[in-house]
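So you can see what is in the structure, the chains are spelled out below.
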Amino acid sequence: MPTPVQPPPGSVSLEKNGHITYHLAPREYWEAHAANSSYVPERFGDEGFIHCTDTIEEVIAVGNRYYLEDARPYLLLAVDCALVTAPIVYEDPGKTFPHVYGPLEVEAVREVHAVTRDAAGRFLSVGPR
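Note that the structure is predicted; figures quoted are calculated from it, not measured.

Next up on the list: the layout of surface pockets. Any empty space left between atoms is shown by rolling a water-sized probe over those atoms. The computed volume of the largest pocket comes to approximately 560 Å³. As for the largest pocket, its lining consists of 28 residues, of which Glu47, His51, Val62, Tyr66 and Tyr67 are closest to the centre. Among the elements that take part in the lining of the largest pocket, strand 2 (residues 20–26) stands out by supplying five residues, more than any other. Across the lining of the largest pocket, the residue classes tally to 16 nonpolar, four polar and eight charged.

In structure tokens form, the structure reads like this:
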């Protein structure tokens, strides 16, 4: 597993207790790794952290901004931050996009939801799996 990098100076630690954040993952990739004790996304080796988003509305926007060309089915992972041992920080001024600087314990994933997309690949909504 790739070694995570340290959060940058000036980042703000997220208060983990009682905080749920969200992570988009390709269905096939998540299902191939969900039986492990920890999870890192495909680009973790390049970036050193896991991208998350604090609101469902923003998750849809992120999907459309970054994954529109990726036709794979996606899932939304709801992450209980209190169960994540790695540092979780905000680097954005609006404190909407937490980054997890290390592997994500699979047990911290409290819910997994399907993401609905249209024929053009646009992310539309999050629903039951």
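Taken as a whole, this structure holds five aromatic pairs when the rule is applied. Their ring planes at 70 degrees and their centres at 6.0 Å tell us that Tyr29 and Tyr39 sit as a pair that is edge-to-face. Of this pair, Tyr29 sits in helix 1 (residues 27–33) while Tyr39 sits in strand 3 (residues 38–39), and the two are ten residues apart along the sequence. Counting every residue linked through ring pairs, the aromatic cluster contains Tyr29, Trp30 and Tyr39.

This part is about unusual backbone geometry. The phi dihedral of Lys95 falls on the positive side, at around 50 degrees, and the residue is not glycine. Looking at where Lys95 falls in the secondary structure, it is placed in the loop between strand 6 (88–90) and strand 7 (98–100). Residue class for Lys95 comes out partly exposed when judged on its relative accessible area of 44%.

Let us now look at helix 3 (residues 56–66). Within the sequence span of helix 3, burial applies to Val59, Ile60, Val62 and Gly63. Considered in projection along helix 3, the buried side chains sweep an arc of 160 degrees and stay on one side of the axis. Buried-residue contacts for helix 3 involve strand 2, strand 5 (74–80) and strand 10 (123–127).

Turning our attention to the pairing of strand 10. Summarising the sheet, strand 9 (residues 109–117) and strand 10 pair through four bridges and their orientation is antiparallel. In the strand pairing of strand 10, Thr116 is matched with Ser125. What sits between strand 9 and strand 10 in their antiparallel hairpin is a turn of five residues, with Gly121 showing a positive phi close to 95 degrees.

Time to look at the nonpolar core. Core analysis: the largest hydrophobic core is formed by 22 residues, its most contacted members being Trp30, Tyr39, Leu77, Val79, Val84, Val100 and Leu104. Within the residue set of this core, elements represented by two or more residues are helix 1, strand 5 and strand 6. At three residues, the largest contribution of residues to this core is made by strand 5. Counting residues in each nonpolar core, the second largest holds ten residues, with Tyr22, Val59, Val62 and Val115 among its members.

Next up on the list: the sheet that holds strand 5. Spatial ordering of the open sheet is given by 2-5-9-10, a layout of four strands whose pairing is antiparallel. Pairing within the sheet leaves two strands with one partner each, and these edge strands are strand 2 and strand 10. Each strand of the sheet is rotated relative to its neighbour by a mean of 30 degrees, with strand direction disregarded. Sheet topology note: the strand 2/strand 5 ladder contains seven bridges and is antiparallel. Considered in strand 5, the bridge of Pro26 is made with Tyr74.

What counts, and at which threshold
Here, residues in each chain are numbered from 1, in the same order as that chain's written sequence. Since the coordinates come from a predicted model, pLDDT governs what is reported: local features require at least 70, and pairs of side-chain atoms require 80 or more to be given and counted, while whole-chain, interface and lining totals use all residues. With hydrogens and water excluded, all non-hydrogen atoms of the structure serve as input to the side-chain values. Buriedness of a pocket was judged along seven lines, with at least five required to meet protein on both sides within 12 Å; pockets are open sets of points on a 1 Å grid over the protein atoms alone, cavities are sets where a 1.4 Å probe fits but cannot get out, and lining residues have an atom within 4 Å of a point. Grid points are joined across faces, edges and corners, and a volume is the space filled by probe spheres set on the points. The helix count covers DSSP runs of H or I at least four residues long, the strand count covers runs of E at least two residues long, and both are numbered beginning at the N terminus. Side-chain classes follow a simple rule in which Ala, Val, Leu, Ile, Met, Phe, Trp, Tyr, Cys and Pro form the nonpolar group, Asp, Glu, Lys and Arg form the charged group, and the remainder, Gly included, forms the polar group. Any Phe, Tyr or Trp ring, taking Trp's six-membered ring, that has another such ring centre within 6.5 Å forms a pair; planes under 30 degrees apart are called stacked, those over 60 apart edge-to-face, and the others tilted. Each residue gets one of three labels from its accessible area relative to the maximum for its type: buried under 20%, exposed over 50%, partly exposed in between, using a 1.4 Å probe on protein chains only. Taken from the helix axis, the directions to the C-beta atoms give the arc we talk about. By definition in these notes, contact holds between two residues if any of their heavy atoms fall within 4.5 Å. Should DSSP find at least two bridges between two strands, the strands are regarded as paired. In this text, buried Ala, Val, Leu, Ile, Met, Phe, Trp, Tyr and Cys residues form a nonpolar core when linked through side-chain atoms within 4.5 Å. Whenever a helix is involved, its axis is fitted only over the stretch in contact; in every case the axis is a line through C-alpha atoms, and angles between N-to-C directions fall within 0 to 180 degrees.

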